[in-house]
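Residues per chain are reported as follows:
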Amino acid sequence: MNNLIKLMAFVCLIFTINTANAQRSATVTPDGLIVLDATLQDLAPEYVANLSRFNFTSFQEANNYFFKYIEKSAGRGITFLFDIANQKLIISIDVANQGMVPRAISRPVNVNDINYYLRAVYEGRI
């Protein structure tokens, strides 16, 4: 019985870790700024934003609207995918190898760093 309790505790721990690293939310403001959820500072491999307010009817419309982000992140470990049927923007981040934000020696890149970069792209500073 003691081993069963330990096994259940281990399974719960694994489930909690996987949940923490699962898909997180992002927001797109009405004027097009992408903001990742910063509730947890460590980067997740995937963020999803609702695009229903934009009423995109094709991949090309969405691609054109977010082109500045796509262009600046090309080959740098962040990918923008569109699920037009469900009106979602999926942001995939190669957490270990993203190249948009320079790594600090003392700490890994976090959500605020990526949000700062996304704002700079949005404002045309990058």
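These remarks concern the structure in this document. If you're wondering where the values come from, they're calculated on a predicted model, not measured in any experiment.

**Remarks on the nonpolar core**
- If you look at the biggest cluster of nonpolar residues, it comprises 28 residues, and the most contacted ones within it are I34, L36, Y47, F66, L89 and I91.
- Elements with a minimum of two residues in this core: strand 1 (24-28), strand 2 (34-36), strand 3 (46-50), strand 4 (78-83), strand 5 (88-93) and helix 4 (111-123).
- Tallying contributions element by element places helix 4 first for this core, with five residues.
- Apart from the residues within four sequence positions on either side, I91 is in contact with A26, I34, L36, P45, E46, Y47, I78, T79 and F80.

**Structural notes on the environment of D94**
- Structurally, the position occupied by D94 is in the loop between strand 5 and helix 4.
- Relative accessible area serves as the criterion here: at 36%, D94 is assigned to the partly exposed category.
- Once the C-alpha coordinates of D94 and L43 are considered, the two residues, 51 residues apart in sequence, prove to be 9.3 Å apart.

**What to know about the sheet that holds strand 1**
- Here five strands make up an open sheet; going across it, the order is 2-1-3-5-4 and the pairing mixed. The open sheet terminates on both sides in strands that have one partner only, identified here as strand 2 and strand 4. Each neighbouring strand pair of the sheet contributes to a mean axis angle of 25°, computed without reference to strand direction.
- Where helix 4 meets the sheet, its contacts fall on strand 1, strand 2, strand 3 and strand 4, and the angle it forms with strand 2 comes to roughly 175°.

**Considering the side chain of N115**
- Tracing the backbone shows N115 in helix 4.
- If we ignore the near neighbours within four places in the chain, the residues touching N115 are I34, V35, L36 and A38.

Conventions and cut-offs
Residues numbered from 1 in each chain as written. Predicted model: local features only at pLDDT ≥ 70, side-chain atom pairs only at ≥ 80, totals over all residues. Heavy atoms only, no water. Core = buried A, V, L, I, M, F, W, Y, C linked by side-chain atoms within 4.5 Å. Buried < 20%, exposed > 50% of the residue type's maximum accessible area, 1.4 Å probe, protein only. Helix = DSSP H or I, 4+ residues; strand = E, 2+ residues; numbered from the N terminus. Contact = heavy atoms within 4.5 Å. Pairing = 2+ DSSP bridges. Axes fitted to C-alpha atoms, helices over the stretch in contact; angles between N-to-C directions.

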